Amino acid sequence: MSAIDTLPPLRDVIRTHDLQARKSMGQNFLLDLNLTAKIARQAGDLTNCDVLEIGPGPGGLTRGLLAEGARRVLAIEKDRRCLPALEEIAAAYPGKLEVLNADALEVDPLSTLTPPIRVASNLPYNVGTELLVRWLTPADWPPFWSSLTLMFQREVAERIVAQPGNKTYGRLAILAQWRSDARIVMQLPPEAFTPPPKVSSSVVHLTALPAPRYPANANTLSRIVALAFNQRRKMLRAALKGSAPDIEDRLLSAGLKPTDRAEQIPLEGFCALARAIDSI
Ligand code: SAM
């Protein structure tokens, strides 16, 4: 393992601070600093950016982000056992790393960070999808972040980049592709992690578009897409019955057939439907 900084190897950090991974915290650590540096590089040029990292754990990716020259890193970690290890990293990069012992779902990153902001995380699986949906669905666009570089279980990553007609196409694909460019940039086998999870993982890189691809209200779009894909085998007129009393007319005015199924509808069609539902 080659060094990216003068701090101890991560296996020593884990031993010194007794950081046995806890399943309840979604902990699968990356201990290879070459790998964490590679993930940090996928986030793009960090030198003029603040970076938000959720769940730094023992700090492998945090060290990669700092070594890549991040202007500032805010690392939000729920497990207080990790704090002493993270404080050692903060001491090695004076003024660059702020560690918050908090639940990422409860923190407003803008109170600490200054745009441009990139998000880079090996996300805890228990809150990863919820955080992604929040980052993709603010009422106003562009969002606080310019890019997201996120580790997910491979199956979730595939849902983010899926195209119509694919069985993984659904709410995540629509929300991600509506307002960002999303691509899978790395694949990692279970053995890359300690302990190894049951499934493979992928890093997804999303770049925020300056404006959504098609006009629509974020709440309406999110709601109809959730309804449409909750019953993905049903025709749209049945799956969306609760969304408007005259849903068949709204579907037709959006250029969709009431007998279509969600899986066949491209992003543009869902945006047209969101507009048709919002029009009086
Ligand atoms: N970034 C580290 C790495 O790559 O080795 C750890 C990744 S591990 C998959 C997820 C991390 O998120 C753990 O350190 C866990 O304690 C933390 N975590 C879990 N739930 C969290 C939450 N709600 N808010 C902030 N951190 C959380």
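Here the structure is shown first, and the text comes after it.
Notes on the structure follow. (Residues numbered from 1 in each chain as written. Predicted model: local features only at pLDDT ≥ 70, side-chain atom pairs only at ≥ 80, totals over all residues. Heavy atoms only, no water.)

1. A few points about the packing of aromatic side chains
Condition: Planes of paired rings set the category: under 30 degrees apart is stacked, over 60 is edge-to-face and the rest tilted, where pairs are Phe, Tyr or Trp rings (Trp by its six-membered ring) whose centres lie within 6.5 Å. Put simply, DSSP marks the helices as runs of H or I at least four residues long and the strands as runs of E at least two long, and each gets a number from the N terminus on. The cut-offs for exposure are 20% and 50% of the maximum accessible area for each residue type, with area from a 1.4 Å probe on protein chains only; residues under the lower value are buried, those over the upper are exposed, and the others partly exposed.
Going through the model one piece at a time under the given rule, you end up with three aromatic pairs. Between Y169 and F229, the aromatic rings sit 5.7 Å apart at their centres with planes inclined by 85°, giving edge-to-face as the arrangement. Note that Y169 is positioned in the loop between α6 (154-161) and α7 (171-179) and F229 in helix α8 (residues 218-230), a separation of 60 residues in sequence. We classify F229 as buried; its relative accessible area is 9%. For the ring pair F229 and F270, a centre distance of 5.6 Å and an interplane angle of 40° mean the geometry is tilted. Highlighted residues: F229 in helix α8 and F270 in helix α11 (residues 267-278), separated in sequence by 41 residues. Exposure class is identical for F229 and F270. Each is buried.

2. Quick word on α8
This is how the line gets drawn: Expected helix span is given by 1.5 Å per residue-to-residue step, counting one fewer step than there are residues. In this analysis, two residues are considered to be in contact whenever any of their non-hydrogen atoms come within 4.5 Å of each other. Each polar contact in these results corresponds to two N or O atoms within 3.5 Å; when the atoms are within protein, one needs to be able to donate a hydrogen and the other to accept it, and residues that are neighboring in sequence are counted only if both atoms are side-chain atoms.
If you check α8, its first and last C-alpha atoms are 18 Å apart, about what 13 residues at 1.5 Å a residue would give, namely 18 Å. Here α8 has its buried residues at A218, T220, L221, S222, I224, V225, A228 and F229. On its buried face, α8 is in contact with α7, α9 (236-239) and α11. Residue N217 occupies the N-cap position of α8, its side-chain oxygen lying 2.8 Å from the main-chain nitrogen of N219.

3. Concerning the sheet that holds strand β2 (residues 50-54)
Definition in use: Should DSSP find at least two bridges between two strands, the strands are taken to pair. Between N-to-C directions, angles cover 0 to 180 degrees, with each direction set by a line fitted to C-alpha atoms, over the stretch in contact for helices.
Taking strand neighbours across the sheet as the criterion, the seven strands line up as β4-β3-β2-β5-β6-β9-β7 in an open arrangement whose pairing is mixed. Single-partner strands in this sheet number two, and they are β4 (97-101) and β7 (180-188). Neighbour-to-neighbour, the strand axes of the sheet open up by a mean angle of 20°, direction not taken into account. Across seven bridges, the pairing between strand β6 (residues 147-153) and strand β9 (residues 201-208) is antiparallel. Counted as the bridge partner of F152 is S202 from β9.

4. Some details on the pattern of salt bridges
A pair can form between side chains of opposite charge whenever their charged atoms are brought close. Test applied: For this document, the term salt bridge refers to a Lys or Arg side-chain nitrogen within 4 Å of an Asp or Glu carboxyl oxygen.
The tally for this structure, following the rule as stated, stands at 13 salt bridges. In this structure, E130 and R134 form a salt bridge, with 3.3 Å as the shortest nitrogen-oxygen distance. Of this pair, E130 and R134 both sit in helix α5 (residues 125-136), four residues apart, which is roughly one turn of the helix. The salt bridge involving E263 is made with R232; its shortest N-O contact spans 3.0 Å. Note that E263 is positioned in the loop between α10 (247-253) and α11 and R232 in the loop between α8 and α9, a separation of 31 residues in sequence. For E263, a relative accessible area of 23% puts it in the partly exposed group. A relative accessible area of 25% means that R232 is categorised as partly exposed.

5. Examining helix α3 (residues 60-67)
Taken across its eight residues, α3 has seven buried, putting it largely inside the fold. Within α3, burial applies to G60, L61, T62, R63, G64, L65 and L66. In the segment just after α3, G69 is the residue with positive phi, at about 95°.

6. Here's the deal with the site of the ligand
Selection criterion: Being near a molecule or strand, for a residue, comes down to having at least one heavy atom within 4 Å of it. Each accessible area is a Shrake-Rupley result for a 1.4 Å probe, and residues are judged covered by the shown protein chains and nothing else. Throughout, the ten residues Ala, Val, Leu, Ile, Met, Phe, Trp, Tyr, Cys and Pro are labelled nonpolar, Asp, Glu, Lys and Arg are labelled charged, and all others, Gly among them, are labelled polar.
Not every one of the 20 residues close to the ligand is listed here, only the nearest: Q27, L30, G55, E77 and N122. D103 has a polar side-chain atom sitting 2.9 Å from a nitrogen atom of the ligand. The separation between a nitrogen atom of the ligand and a polar main-chain atom of A104 is 2.9 Å. When the ligand sits alone it has 590 Å² of accessible area, and the protein chains cover 99% of it. Of all the secondary structure elements, the ones that give two or more residues to the shell around the ligand are β1 (29-30) and β3 (72-77). A class-by-class count of the residues in the shell around the ligand yields nine nonpolar, six polar and five charged.

7. What about the environment of Y93?
With respect to the secondary-structure elements, Y93 resides in the loop between α4 (83-92) and β4. Y93 gets classed as buried once you look at its relative accessible area, which sits at 16%. Setting aside residues no more than four positions away along its own chain, Y93 makes contact with I4, D5, R63, L66 and A67.

8. Thoughts on the nonpolar core
In plain terms, the rule: Only buried residues count toward a nonpolar core, which is a set of Ala, Val, Leu, Ile, Met, Phe, Trp, Tyr and Cys residues joined through side-chain atoms within 4.5 Å.
W135 and F270 are the most contacted members of the largest nonpolar core, which has 58 residues in total. Considering every element that reaches this core, the biggest residue donor is α11, with eight residues. Setting aside residues up to four positions removed in sequence, F270 forms contacts with Y169, I174, L221, I224, V225, A228, F229, A262 and I265. Core analysis: the second largest hydrophobic core is formed by 38 residues, V51, L65, L83 and V203 among them.

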